[in-house]
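# Secondary and tertiary structure notes
Here's the letter readout for the chains.
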Amino acid sequence: MVDRADRSRGTSKQSRRARSPRSLAGQVFAVQVAVVVLLVLGAILALVLESRGASEKEAKNRSVAVAEAFAHSPGLVDTLKSSSPTTTLQPLTEAARKDAGVDFIVVMDTHGIRYTHPLPDRIGKRFVGTIEPSLAGRIYTESVHGPLGHEVQAVVPVKNADGQVVGLVSAGLKVKNVTSAGNKQLPIILGTGAAALALATTGTALAARRLKRQTRGLGPEEMTRMYEHHDAVLHAVREGVVIVGQDGRLVLANDEAKTLLGLPADAEGRHVGDLEGLDPETSELLLSGREAADEVHLAGGRLLVVNQRPTDRHSGDMGSVATIRDSTELAAVTGKAEATGKRLALLYEAGTGIGSTLDVEHTAEELARVAVPGLADFVTVDLADPVLQGNEPAGGGMELRRVAVSGIEEEHPFYPRGKLITFVPSTPMAQGFDSGLSQVVPDLSTADGWQAQDPQWTRRIIDHGVHSLITTPLTARGIVLGVANFWRSQKPEPFDEEDLSLAEELVARAAVSIDNARRYTREHAMAVTLQRSLLPRALPEQSALEVAHRYLPAQSGVSGDWFDVIPLPGSRVAVVVGDVVGHGLHAAATMGRLRTAVHNFAALDIPPDELLGHLDELVDRIDQEESDGATGTGVSGATCLYAIYDPVSQLCTVSRAGHPAPALVRPDGSVDFPDLPVGPPLGTGGAPFETAELHLAEGTQIVLYTDGLIEDRARDFDVGMELLRDALADHRQDPEENCRAVIDALLPARPQDDVALLIARTRVIDPANIVEREIPFEPEAVAELRTWATAALEKWDLGDLVFATELILSELATNAIRYGTEPARVRLLRDRALICEVSDGSSTAPHLRYAATTDEGGRGLFLVAQLTTHWGTRYFPRGKIIWAEQALPTSIDVPPGTDRAP
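Residues numbered from 1 in each chain as written. Predicted model: local features only at pLDDT ≥ 70, side-chain atom pairs only at ≥ 80, totals over all residues. Heavy atoms only, no water.

### Observations regarding the nonpolar core
With 58 residues, the main nonpolar core has Val381, Leu474, Phe486, Trp487 and Leu506 as its most contacted residues. When residues in this core are grouped by element, the largest group, nine residues, is from helix 17 (residues 497–534). Apart from residues no more than four positions distant in its own chain, phenylalanine 486 is found in contact with Ala371, Leu375, Ala376, Phe378, Val379, Ser468, Leu469, Ile470, Thr472, Phe495, Ala503 and Val507. In this structure, Leu611, Phe689, Leu696 and Ile702 belong to the second largest nonpolar core, which totals 51 residues. (Core = buried A, V, L, I, M, F, W, Y, C linked by side-chain atoms within 4.5 Å. Buried < 20%, exposed > 50% of the residue type's maximum accessible area, 1.4 Å probe, protein only. Helix = DSSP H or I, 4+ residues; strand = E, 2+ residues; numbered from the N terminus. Contact = heavy atoms within 4.5 Å.)

Here's what the structure looks like:
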C-alpha cells in the first residue's frame, strides 16, 4: 500500500515538472492572442453594421425632410387642382432634387398616379410603394425596389386648408448610395482593428516576460524542488488537510489529518467510505463535497472543527479540500454557550412577543408569559393605578395593582390578579419602586423585610417552594410605572448576576411598551371624550320620526363618524350621517366642524343637493387653508348623506356624497336598498350632487349608517350589505330593538373602525290637523281668510291664538297679494306648534326692518316676529313659502304620538 501511495505521489511530481513556466507562458500567450483577434474581428463587424444602420437612418431622415418641405411649399395645392400639374411641377421637382441631394422627388395624386419623376417616361404611371398610411394623414417610410433600383423613400401627404389629403409627395435615395458612405469608413475601421491587435499582442508579450521574471527564471527542476518543499510544509503543520477527488477517493491527507481522524497509513487512494475508524458524519461530509464553515464533529473523543470548499470553485470537478482543527477545549464552555443561546432566544422572543397591542394590562401579561420558564418559574407584575387610566403615577403612597400573574403551574400562592396591594417600605417591591433600582433576594426564608408585608401570604409562598426573588422596576422616560417580580422554585440555586441582567433587559423592553400603551390609553380617552362631546348628546324633540341611534368608537382610535337629527319648518325633519376619513383628534375635530356647518346650512332650509354642494366647498376650503399653513393635516376625504322627511306629504328627499345607500324596512318587514344617485365624496369638487324623492308609507324605518358597520377586513362590502339585510328582515319592532339587533349581528367585540347607526321610523300628521286653501288675489279676500282661520282654530280648541293668528295671516296674505304672484295658498298645521304657511309663485322674500315714525308701512313683519316663536322663508321650485310658528297654550294637548315642545 505504501509503495502505491509513493508511486501516485511520484506521478503527481512528474506532471508538475512537465508544466514548466516557459511552456505555460507560451500557452497563455497563444490563447491571449487568439482571444484578442476574435474580439477585434467582432468589433470590426459591429462597427460596420452600426455604420450601415446609421447611414440608412440618415437616408430616411433626409427623405422625410425633403418630402415634407416640398409638400408644404406655397401654391402646391392650387397647382394640383390645375389642368396640367406636370408642366409646372416637373422642372421644380428636378431642381429641388438636385439641390437636396436626393435621387428622386415624385408628386402624385391620391390614386398614386405620378405627376413628376426623374425618368419622364414614368410620369402618368402608378407610384411603386405604399400610399395608404399617407392617405390617412401620416408620414410613411419604406425600402422598395422601384424604377431606379433598391430605394429608401418617404411618402408625405399634401393637405388643403380643411385638412383633407389632396395629393402625395415622395422623396428618396437609392440604397447603394446610402451604403457607399458607410463603406468609405471600412479602411479606418480595419486600420483601427489592426492597431488594436498589435497593441494587444505587445501587451501579451510583455505579460509573458513579466511572468518569467516573477518566477526568477526557474526551470522544471527548480520548480519541482519548490513543490517538494511545499509538500514537506503541508505535512508538518498542526492543522489537518484532506483532499478528496470527485470519485470519492482520498487524494491527500497530511500527517495532522491522519492523527485527528484516525486514518490508516495507506488511506490515500482509497475510497473515503471504506476507511476504517472514520466517523460516519465526517465521512458523509467529505463525500458530499458541499461547502462547510466551522462545522463541529465529534471523532474519537475529540471536538473537530471542519471547513470544506471545492478545489475548483466554478465547476467542482476537481473534488474538495477540507481543513480540520482540534477544538476540544470548546467542550468545556459548551454549557455556557448553550445558556447564552437560550438567553438570546428569550430576548428575541421578548422583542417579538411584548408590545403586540396598545393595551397596558395585555402588555404586562405578555411580559409575565415570556419570562416563564426561561428566566423564572413565576412572574407577577404590579402597576400603579393611574397607569391603567393612562396617567403618570402620582407621588406618595405605595399602592400597586396586580395586573398579571403567570407561572409554570396554574395554582399559585401569590396575591390574585386585580388586587390593590399596599406594600410596606421594607419589601423589595417598595424599595424598587421608590429607588428605581432592582432588588435581589437570594433566600426568601431569611428575608425579614419581605416577610413583614403579610406573614400569612409569605409563609404560603415559601411553603410552595419559592425561594428566590428579583424585583425590577418598570421605568420609562425616568418614570417608575410599577414593578415586575421574578420568582424561582424549581432550580435550587438562587438568582445570580446574569439572571438579574436578563431580567432588567426584559423589563426595560416591556416598560417602553407599557408606557406607549399608557400614553395611547390617555390619548384615546381624550379623543373619545372630544368626539362624544361633538356628537349630539340628546336628539331634539319632533313629531315626524321616531329615532334610535348608536355610536361605537373603534378600539384602535376614534375617527370622524357622526349623525344628527335637525327639525325643520313645517314639521319636517332632516337626518344626516357622515364619515371623515382617518383617525385621531384631527378627524374628530374635523367632524365637529362639518357637523356645525350642516346645522348652519340646514338653518337656511335649502334642498339636500345644495347643502352638500356648500359642504363640499367648505371641505375644499379647509384643505386649502391647512395646506397653505403647511400643517399637513388637511381633510383626506369625507362622505355624507342628507335627507329631509315631510310627515305631511310622506316624501323623503335624499342626496348623498360618496356615502352608502340607506336601507328601508317597510311596514310589512321587507328590506330594500333604494337605488339613489351617488355623488363624489366631499372635497373632490367638480361634479354636482343629485337628489331623489322616496314616498314612504307610515311606519317605514330609514336605516342610516357609516361604512364601519358593513365593511370588515374579513368580508367583502356586498357580504356586509346582505348581513345588514338579514339582521333587519322580518323585524317590525321599534327602532331601538332594531339598533340592538344590527349591532349584535354585524360588529365584532373590538371593531376596527368607528360605527354610527341611526334608525328612524316615519310618522304621518293626521289630516284632521291640517287645513289649507287658495288665496284670491283681491284685497277683500284677506277678511275672508281671517274668518276661515278663526273657524279652524275654534275647531282645534285654539281660541286663545285667534287674535295673533289673524294678525299674522293678514300680514302674510297681504304681502303675497301685493308683492307676490299667483298661485297663492295658505296652510294651517296643528302639530307641536301652530304653523301658518303662506306660499306664492314669487321668489322675492320679505325682509324685517324697523320703520320710522313717519313711515306708513313696514311694521307688519315686525309684528309677526313679535307674535311668533319662529318665522322664516323657504323656497321651492315654483316660488316661496313664508311660515310662522306659535307655541300652543299650556292647557292644550299636542296631537297624539307627540310630546310637547319645551
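### Examining helix 18 (residues 585–603)
One turn of the α-helix equals 3.6 residues, which is why residues spaced by three or four share an orientation. Given a rise of 1.5 Å per residue, 19 residues ought to cover 27 Å, and the 27 Å separating the end C-alpha atoms of helix 18 matches this to within 8%. When helix 18 is considered as a whole, its buried residues turn out to be Ala587, Ala588, Thr590, Met591, Gly592, Leu594, Arg595, Ala597, Val598, Phe601 and Ala602. Positive phi shows up at aspartate 605, right after helix 18, with a value of about 55°. (Expected span 1.5 Å × (residues − 1).)

### What to know about the packing of helix 22 (residues 781–795) against helix 23 (residues 802–819)
Following both chains from N to C, one finds helix 22 and helix 23 inclined at 145°, their axes separated by 9 Å at the closest point. As helix 22 runs across helix 23, the sense of the crossing is right-handed. Residues Val782, Leu785, Arg786, Ala789, Thr790, Leu793 and Glu794 of helix 22 form the contact with helix 23, whose own contacting residues are Val802, Thr805, Glu806, Leu809, Ser810, Ala813, Thr814 and Ile817. For the contact of helix 22 with helix 23, the class distribution of residues is eight nonpolar, four polar and three charged. (Axes fitted to C-alpha atoms, helices over the stretch in contact; angles between N-to-C directions. Left-handed = near helix turned anticlockwise from the far one by under 90°. Nonpolar A, V, L, I, M, F, W, Y, C, P; charged D, E, K, R; others polar.)

### Topic: the pattern of salt bridges
Counted by the stated rule, this structure contains 28 salt bridges. Where arginine 270 meets aspartate 266, a salt bridge forms, and the shortest distance between an N and an O atom there is 3.5 Å. With relative accessibility at 17%, the residue arginine 270 sits in the buried group. One salt bridge in this structure joins glutamate 361 and arginine 417, with 2.9 Å as the shortest N-O distance. Of the two residues, glutamate 361 sits in helix 12 (residues 360–370) while arginine 417 sits in the loop between strand 11 (399–407) and strand 12 (420–422), which places them 56 residues apart along the sequence. (Salt bridge = Lys/Arg side-chain N within 4 Å of Asp/Glu carboxyl O.)

### Section: the sheet that holds strand 11
The strand order across the open sheet formed by six strands is 12-11-10-15-14-13, and the pairing between neighbours is antiparallel. Edge strands, defined here as strands with exactly one partner in the open sheet, are strand 12 and strand 13 (439–441). Within the sheet, the average angular offset between the axes of one strand and its neighbour, ignoring direction, is 25°. Where strand 10 (residues 378–384) and strand 11 come together, seven bridges link them in antiparallel fashion. The residue bridging aspartate 382 from the neighbouring strand is arginine 402, located in strand 11. Each of strand 10, strand 11, strand 14 (468–476) and strand 15 (479–488) is contacted by helix 12, which is oriented at about 45° to strand 11, the strand it contacts most. Across the sheet, helix 14 (residues 428–435) touches strand 11, strand 13, strand 14 and strand 15, and the angle it forms with strand 15 is around 145°. (Pairing = 2+ DSSP bridges.)

### Description of a nonpolar patch on the surface
Taken together, the side chains of Phe803, Leu807, Leu863 and Leu867 define a hydrophobic patch exposed on the protein surface, amounting to about 370 Å² of accessible area. Of all the secondary-structure elements, those providing two or more residues to the nonpolar patch are helix 23 and helix 24 (860–867). (Patch = residues over 30% accessible without salt bridge, like charges linked within 9 Å, V, L, I, M, F, W, Y side chains within 5 Å. Areas by Shrake-Rupley, 256 points an atom, 1.4 Å probe, with all protein chains shown as cover.)

### Re the environment of aspartate 707
As for its placement among the helices and strands, aspartate 707 is situated in the loop between strand 25 (701–705) and helix 20 (717–728). Given the relative accessible area of 22%, aspartate 707 is considered partly exposed. A sequence separation of 68 residues divides aspartate 707 from threonine 639, and the C-alpha atoms of the two residues are 9.7 Å apart. Among all residues touching aspartate 707, those that are not within four sequence positions of it are Asp579, Pro660 and Asp753.

### Re the side chain of histidine 117
Tracing the backbone shows histidine 117 in the loop between strand 1 (104–108) and helix 5 (132–135). With residues up to four places along the chain from it excluded, the contact list for histidine 117 reads Gln90, Glu94, Val106, Arg122, Ile123 and Pro147.

### What about the sheet that holds strand 6 (residues 250–253)?
What the five strands build is an open sheet, ordered 6-5-9-8-7; its pairing is antiparallel. Looking at the sheet topology across the chains shown, the edges are occupied by strand 6 and strand 7 (292–299). The average undirected angle you get between the axes of adjacent strands in this sheet is 25°. As defined by bridge partners, strand 7 adjoins strand 8 (residues 302–310) across six bridges and the pair is classed as antiparallel.

### Here we look at the packing of aromatic side chains
A full pass over the atoms with the stated rule returns four aromatic pairs. Relative to tryptophan 487, the ring of phenylalanine 414 has its centre 4.8 Å away and its plane inclined at 40°; by these criteria the two rings are tilted. In this pair, phenylalanine 414 sits in the loop between strand 11 and strand 12 while tryptophan 487 sits in strand 15, placing the two residues 73 residues apart along the sequence. The exposure classification of phenylalanine 414 matches that of tryptophan 487, with both residues buried. Where tyrosine 415 meets tryptophan 457, the ring centres are 4.9 Å apart and the plane angle is 50°; that geometry is what we call tilted. With a gap of 42 residues between them, tyrosine 415 in the loop between strand 11 and strand 12 and tryptophan 457 in helix 16 (residues 455–463) connect regions that are remote in the sequence. Pairwise contacts between aromatic rings join Phe378, Phe414, Trp450 and Trp487 into one cluster. For arginine 460, the ring lying beneath its charged end belongs to tryptophan 457, and the centroid distance is 4.5 Å. (Phe/Tyr/Trp six-rings, centres within 6.5 Å; stacked < 30°, edge-to-face > 60°. Lys NZ or Arg CZ within 6 Å of the ring centre and 35° of its normal.)

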